[in-house]
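The lines below spell out each chain.
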Amino acid sequence: TSLAQQLDQQTRQMPSLLHVFSTGNSGSGWSTITGGHKQGKNVIAVGSVSSTDAIANSSSRGPALDGRIKPDICAVGSSVYSTVDPNNYQLKSGTSMACPGVAGVLAQLYHAYKTNNGGVNPNAALMKASILNTAEDLGNVGPDYTHGWGRINARRAYNLVNNNNYFYGTIAQGDNNNHNITVPAGTSQLRVMVYWTDYEGAASAAPALVNDINIQVVDPVSVTHTPWVLTPSSPNNAATQGVDALNNMEQVTIDNPTSGTYSVNLSGFGIPQGPQDYYLVYEMVQNDVVLTYPIGREGFKPGTIETIRWDAYQSASTFNLEYTIDNI
């Protein structure tokens, strides 16, 4: 068996285990992810962006060899202050700098879940789904083969987990499971993702997907919304809505959703190794502005340039941001 198969099998057998890898630094062209193990379905492959969300030219691109979405997510990997031998620090760049940032965020999410659940470790599928569904969308709208699902957003992922914005279920061949989500008025975007730790596929199988769950979301006025889909043969093309037969995660996003109850239908389209466990996670993005840095009590070195950071929904509207450096 390939290493990717072994890693997918490990996560299935040890449900809390989650492997996090860099995508590599061979960014020119498509399908440049280094190492077959990084293309596993149940692992996380991390691309590199700058502190202002610009993709690193060297960051390896997808798709995976069978057309699946890779990288899974991006994080800051450019000019990261890091330790060096024997006892020093320096600025370093690359996807190997981005990867530890994602692993660190996941460690915090694991801790948050354990705090609220009697010290029990979470399922890795929930952790992976939480960071993918709440990522800052970069590049083309929806997922793409350069950024994956976007740049990790620790605050939003934490809120999803801490607020229990998820369902757990199992599904067998031919089953149809329904979950209802109530969306309040004033929501700017609804994000819904189903994710499952897939059974390991046969060596060199294309597609590598074994169990296939399909998602559809029906809004309060009976309009059906389908998930984002990429075209591996045209990797530069933007995602469209359709039927996904490649990935073990599917996401539906709805901009400016009508308030009311949304019905999420999950179909066990092809479940030869069932029943299949899954997590359905959701986020309701509000049109607000949240200061994320600085947040107070930081110590600043005189003469150092600091970057003010905030979260805000990426709408076409503009707003004024005001700050003071003298508390007046």
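Residues numbered from 1 in each chain as written. Predicted model: local features only at pLDDT ≥ 70, side-chain atom pairs only at ≥ 80, totals over all residues. Heavy atoms only, no water.

J.: Where do I start with the side chain of T197 in this structure?
T.: Tracing the backbone shows T197 in the loop between β8 (187–195) and β9 (212–218). We classify T197 as buried; its relative accessible area is 13%. In this structure T197 touches T11, R12, N42, N123, A125 and Q276, once residues within four positions along its chain are discounted. (Helix = DSSP H or I, 4+ residues; strand = E, 2+ residues; numbered from the N terminus. Buried < 20%, exposed > 50% of the residue type's maximum accessible area, 1.4 Å probe, protein only. Contact = heavy atoms within 4.5 Å.)

J.: Would you take a moment to explain the sheet that holds strand β3 (residues 73–76) for this structure?
T.: Note on sheets: strands pair through backbone hydrogen bonds, and any given pair is parallel or antiparallel. What the three strands build is an open sheet, ordered β1-β2-β3; its pairing is parallel. Each having just a single partner strand, β1 (20–22) and β3 make up the two edges of the open sheet. Recorded for the sheet is a direction-independent mean angle of 45° between the axes of neighbouring strands. Here four bridges tie strand β2 (residues 44–49) to β3, and the two strands are oriented parallel to one another. Within the sheet, the bridge partner assigned to G47 lies in β3 and is C74. Set on the sheet, helix α2 (residues 95–116) makes contact with β1, β2 and β3; between it and β2 the angle comes to about 120°. (Pairing = 2+ DSSP bridges. Axes fitted to C-alpha atoms, helices over the stretch in contact; angles between N-to-C directions.)

J.: Sorry, what's going on with the packing of α2 against helix α3 (residues 124–133) here?
T.: To describe two helices that pack against each other, one gives the angle between their axes and the distance between the axes. Contact pair α2 / α3: the axes reach a minimum separation of 11 Å and the direction vectors enclose 120°. Relative to α3, the element α2 is oriented oblique. For the crossing formed where α2 meets α3, the hand is right-handed. Counting all contacts with α2, which are made through V102, L106, L109, Y110 and Y113, the residues of α3 involved are A124, L126, M127, S130 and I131. (Parallel < 35°, antiparallel > 145°, perpendicular 65-115°, else oblique. Left-handed = near helix turned anticlockwise from the far one by under 90°.)

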